[in-house]
Amino acid sequence: MGFFSELGGRVVGGPSILAADFAHLADDVYKAEAGGAAFIHFDAMDNHYVPNLSVGPVVAASLVPETNLPVDAHLMVDNPDNLIPMFLDAGVASISVHPEAVTHLHRTLGVIRAGGAEAGVALNPTTPPESIEWALPQLDYILILSVNPGFGGQSFIPEMIQKIERLKEMTDLPIQVDGGINAETAPLATRAGATILVAGSAVYKGEPAVEMRKIIEAGQEGATGTR
Ligand code: DX5
Ligand code: ZN
């Protein structure tokens, strides 16, 4: 059990800190919190699995005590097994890994859960939902990458809507959507069945509390059919 597992179909949103000002990270987190963020999405990149470098467990350990919200770690790294114990020690609430970056996915997901965090997989745009069929019993959420991982500020890939719909036919697990989410794309994703919205540049391009709230409300309206 945990935050994502207990959503019960509720639509929530959280900021991707990749788009935040890292010199004032906690302040930028509070701003999104003021806009109704329910979790903080923490993007770790290693310049191997993706062509960019961001932050790791040291920064997560500093951030976790600064916020009351669950910190959700998205590991875009090769061999995440080496880092997972450190992220667990840092106190993150959930960890998603890319199946392509892991040799023994079943084991890795088991380690995440045994460490007290929720376990997720992150599916790249062309990774088929069917590839995780046998991992479903070990999962607490599924992350659909709606851009190629590595950078913020890219455009939402429209085919990912059908992918969310396909996943909904396979499972009741909560679906997180990450990449190119803004007040226009959020309702498309939630109408298709996603309930966990991650947004980076759309939150931090303006006043974060205002932008975060707009995205969450748009997503909630998409889910209820009012947008
Ligand atoms: C993509 C990351 C995302 C990214 C989203 O590599 O996993 O979390 O920061 O950024 P936006 O919302 O700007 O697409
Ligand atoms: Zn992410």
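One can find the structure itself at the top, above this paragraph.
Right, let's walk through the structure included here.

Conventions we followed
Residues numbered from 1 in each chain as written. Chains lettered and ligands numbered in written order. Predicted model: local features only at pLDDT ≥ 70, side-chain atom pairs only at ≥ 80, totals over all residues. Heavy atoms only, no water. 1 Å grid on protein atoms, 1.4 Å probe; cavity = no way out; pocket = protein on both sides within 12 Å on 5 of 7 lines; lining within 4 Å. Points joined across faces, edges and corners; volume = space filled by probe spheres on them. Helix = DSSP H or I, 4+ residues; strand = E, 2+ residues; numbered from the N terminus. Nonpolar A, V, L, I, M, F, W, Y, C, P; charged D, E, K, R; others polar. Pairing = 2+ DSSP bridges. Axes fitted to C-alpha atoms, helices over the stretch in contact; angles between N-to-C directions. Contact = heavy atoms within 4.5 Å. Donors = N, O, S within 2.8 Å, 3.2 Å for Na, K, Ca; no water. Tetrahedral: all angles 85-135°; square planar, octahedral: opposite > 155°, others 65-115°. Buried < 20%, exposed > 50% of the residue type's maximum accessible area, 1.4 Å probe, protein only.

### Section: the layout of surface pockets
Then comes step 1: Considered as a void within the structure, the largest pocket measures approximately 290 Å³ in volume.
Then comes step 2: Lining the largest pocket are 26 residues, with Phe-151, Gly-152, Gly-153, Gly-179 and Gly-180 positioned closest to its centre.
Then comes step 3: Those elements giving two or more residues to the lining of the largest pocket turn out to be β2 (40-45), β3 (71-76), β8 (196-199) and α7 (201-204).
Then comes step 4: In the lining of the largest pocket, the residues fall into twelve nonpolar, twelve polar and two charged.

### Things to note about the sheet that holds strand β4 (residues 94-97)
Then comes step 1: Strand order in the open sheet formed by eight strands is β1-β8-β7-β6-β5-β4-β3-β2, with parallel pairing between adjacent strands. Each having just a single partner strand, β1 (12-15) and β2 make up the two edges of the open sheet. For this sheet the average axis-to-axis angle between neighbouring strands, irrespective of direction, equals 25°.
Then comes step 2: Relative to strand β5 (residues 118-123), β4 is paired through four bridges, and the arrangement is parallel. Counted as the bridge partner of Ile-95 is Ala-119 from β5.
Then comes step 3: On the sheet, helix α8 (residues 208-224) packs against β1 and β8 and is oriented at approximately 150° with respect to β1.

### Some words on the coordination of the zinc ion (ligand 2)
Then comes step 1: Listed as protein donors to the zinc ion (ligand 2) are His-41 (NE2), Asp-43 (OD), His-74 (ND1) and Asp-178 (OD); their distances from the metal cover 2.1 to 2.2 Å.
Then comes step 2: Angles of 69 to 171° at the metal separate the six donor atoms of the zinc ion (ligand 2), which places the site in the octahedral class.
Then comes step 3: When the donor residues of the zinc ion (ligand 2) are listed from N- to C-terminus, their spacing reads H-x1-D-x30-H-x103-D. Of the two residues, His-41 sits in strand β2 while His-74 sits in strand β3, which places them 33 residues apart along the sequence.
Then comes step 4: For His-74, a relative accessible area of 0% corresponds to the buried category.

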